[in-house]
Amino acid sequence: MDADTKQCGASGLALFLGLVMILLVVAVAFAAAIGDYRIDVGTVFLAVTNGLGLTSADIPPIEQSVVWDLRLSRALVAALAGAGLAICGAILQALLRNALAEPFVLGVSAGASTGAVAVIVLGIGAGSLSLSMGAFAGAFAAFALVALLSNGATSGPNHTILAGVAASQLFNALTSYVVTTSGNAQQARDVMFWLLGSFGGVRWPDFQLLVIVVAIGLVICLLMARSLDAFTFGDEDAASLGVPVARIRLILFGVTALMTATIVSMVGTIGFVGLVVPHAARYIVGPLHLRLLPACAAVGAVFLVLADIASRVVAEQQTIPIGVVTALVGVPFFAIILYRARPQT
Amino acid sequence: MTVTAKNLVWGAQRKTIVNNVSLDVAEGETLGLIGPNGSGKSSLLRLLSGLRAPLSGRVEILGQDIARVSRKTLARQLAFVQQNATTDTNVSVRDVVRLGRTPHRSALAGWTAADEAAVSAALERVEMAGRRAQAWQTLSGGERQRVHIARALAQSPRVMFLDEPTNHLDIHHQIEILRMVRRLDVTSVVALHDLNLAATFCDRIVVLQAGAVVACGTPAGVLTPPLLRDVFQVEAEVTFEPQTARPHIRFRAA
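- As recorded in an unreviewed UniProt entry, chain B goes by the name Iron complex transport system ATP-binding protein, listed as coming from Gemmobacter caeni.
- Quoted verbatim from the Sequence similarities (unreviewed entry) field of UniProt, the annotation for chain B is "Belongs to the ABC transporter superfamily."

- The name that an unreviewed UniProt entry assigns to chain A is Iron complex transport system permease protein, with the source organism given as Gemmobacter caeni.

Written as structure tokens, this is what we have:
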């Protein structure tokens, strides 16, 4: 159908998504095999089929447990987090008409860190409130503040971004204040580690929650993909194309905030995925959102699984914060795209 | 009447910008909106096309009150061309024109032959068919404006609103755009700055001053030296083109 555009047609997109999904399966398999305790891929396969109840192969219980209980859930959460952050980035770049927009631009990450710090350092909730719930509450508080400052995001993209900047500054200041006045050295280190993102400690319940949130988010965004395209020339232009602008924007900001807050509350603020992956995907499949969003989800998933593998193998006996890896890998990759997509005039 | 406005009032922060405007546009007519800066031309166009809701008064298009019609239904019947709408996204000419089909498509429906036909016809109409694969960013100002008009045409509208479509274009492209708009078989309402262009291309002209209609009629009936002095504060001489009997305005320095 798109014979004369630069991008390939529907079959080309299907081929691309198929290839990326194969890559994702391979990456997840490696993520489950690689680590301080190495397990060969054949055993990983059997451990997975055992876990699913398809086989009852005789493999050492320790290997079964490492693959199924620790590494597989971790890899799948990484994939979902990557997919979710990339989708959110693409949506916000379209709605805010800003190439620099990413999931944390509306203050969600700053709010989450304040919430997490309140739980870690101040002990708010006295043990009944987990770090995740604190982070989630903080993230939504920040989003609510941004919505308030920008009149429900109706005051134009720049106004909304400025409201996000203000909220980020406020919540970052609160975080720093709490850490410096109340925290000890160990707590400060915990907070910093959490802020840079980590998949350590995620388990199947996290996966179950995240798969629901990301799937619902993706479906809603796909249903609104056509409307998102109409924002290419701004809000008023979208309205003149028959898009109910206020409703679409409210729903999409809400969906991205929910997805981002859920992800951040589980694995911390993993930067750069939500910024880089949409640009990379747009470069491959073009700017139309019905194509872009699935591509973002697939590429984002692979990217974070690979980044997680890298974070575990680069330094022996240590795990580098995932945010460090995404930036170290992402920036050179981003530089290539920027260079190749530079204006020709 | 294709477009009927009755007693439209709109304002912001206690300042009235559109003050009790009523007007009618007949089927197929090209109506020019002129007036000095800040006279409410753009605001009136947005009220007429339903992009803004009036504080009071109403607009009927093709016999229906637009306040009672959904945005999507409205966008199938009328199109709005903004001045200098631009984007940073790397889209092709065809992608932009395809956006015009948005109100005709459901969320996940495929691209139909009718969609393709509308896009192709629109591109032909503005003589950009050969440039469909070109990147939007590489187009000149006049080409961008033509692509915007093509996008509006792809909506298959019966009424088109254009907000200063000739802004920032050289004289050749100004004339080209307006000639094209005039030839389209849609009813159009065009806000214009250049009085001679309005005189040449519009069937009727509405003159706005401080948000109110001060004159309405044929170019020859409206563009008189007293009105120009009154509204635009210029001294001018009006002569008539021998062949078309349309007025031609010459401004005097003092």
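**Let's talk about the interface of chain B and chain A**
Frequently, the measure chosen for interface size is the accessible area removed from exposure when the parts meet.
So, point 1. Between chain B and chain A, the contact holds 28 residues from the first and 25 residues from the second.
So, point 2. Among the secondary structure elements, those contributing two or more residues to the side of chain B that touches chain A are helix 2 (71–77), strand 6 (78–81) and helix 3 (93–99) of chain B.
So, point 3. A per-element tally of the side of chain B that touches chain A places helix 2 of chain B first, with 4 residues.

**Here's the deal with the confidence of the model for chain A**
Residues and elements named next belong to chain A.
So, point 1. On average, residues of chain A score 86 in pLDDT, and 94% of them are at 70 or above.
So, point 2. For chain A, per-element mean pLDDT is lowest for helix 7 (residues 185–195), which scores 76, and highest for helix 8 (residues 204–223), which scores 94.
So, point 3. Of the regions scoring below 50 in pLDDT, residues 1–7 engages in 19 contacts with residues more than four places distant in sequence or in other chains.

**Description of the nonpolar core**
Residues and elements named next belong to chain A.
So, point 1. Formed by 183 residues in total, the largest nonpolar core has its most connected members in Ala79, Cys296, Val299 and Val305.
So, point 2. Here this core takes 20 residues from helix 3 (residues 61–95), the largest share from any one element.
So, point 3. Setting aside chain neighbours within four positions, we find Val299 in contact with Val20, Ala86, Val277, Ala280 and Ala281.

**Things to note about the packing of helix 12 (residues 273–285) of chain A against helix 14 (residues 322–340) of chain A**
All names here are of chain A.
So, point 1. The contact between helix 12 and helix 14 brings their axes to 10 Å, and the two run at 35°. Remark: the crossing between helix 12 and helix 14 carries left-handed chirality. Taken together, the residues of helix 14 that come into contact with helix 12 (itself represented by Val273, Val276, His279, Ala280 and Tyr283) are Thr326, Gly330, Phe333, Phe334 and Ile337.
So, point 2. Here the contact of helix 12 with helix 14 is built from residues that sort into 7 nonpolar, 3 polar and no charged.

**Some thoughts on the environment of Ala129 of chain B**
So, point 1. Position of Ala129 of chain B among the secondary structure elements: in the loop between helix 4 (113–125) and helix 5 (141–154).
So, point 2. Setting aside residues up to four positions removed in sequence, Ala129 of chain B forms contacts with Ser120, Leu123 and Glu124 of chain B.

**A closer look at the packing of helix 13 (residues 289–313) of chain A against helix 14 of chain A**
Angle between the axes and distance between the axes are the two parameters that describe a pair of packed helices.
Residues and elements named next belong to chain A.
So, point 1. Their axes nearest at 9 Å, the elements helix 13 and helix 14 cross at an angle of 110°. Judged by the angle between their axes, helix 13 and helix 14 are roughly perpendicular. Handedness of the helix 13/helix 14 crossing: right-handed. Across from Ala307, Asp308, Ala310 and Ser311 in helix 13, the residues of helix 14 making contact are Ile322, Val325, Thr326 and Val329.
So, point 2. Grouping the constituent residues of the contact of helix 13 with helix 14 by class yields 5 nonpolar, 2 polar and 1 charged.

Thresholds, definitions, all that
Residues numbered from 1 in each chain as written. Chains lettered and ligands numbered in written order. Predicted model: local features only at pLDDT ≥ 70, side-chain atom pairs only at ≥ 80, totals over all residues. UniProt positions renumbered as here; feature names shortened; annotations may be inferred. Contact = placed C-beta atoms within 7 Å. Helix = DSSP H or I, 4+ residues; strand = E, 2+ residues; numbered from the N terminus. pLDDT = per-residue confidence, 0-100. Core = buried A, V, L, I, M, F, W, Y, C linked by C-beta atoms within 7 Å. Buried ≥ 20, exposed ≤ 12 C-beta atoms within 10 Å, placed from the backbone. Axes fitted to C-alpha atoms, helices over the stretch in contact; angles between N-to-C directions. Left-handed = near helix turned anticlockwise from the far one by under 90°. Nonpolar A, V, L, I, M, F, W, Y, C, P; charged D, E, K, R; others polar. Parallel < 35°, antiparallel > 145°, perpendicular 65-115°, else oblique.

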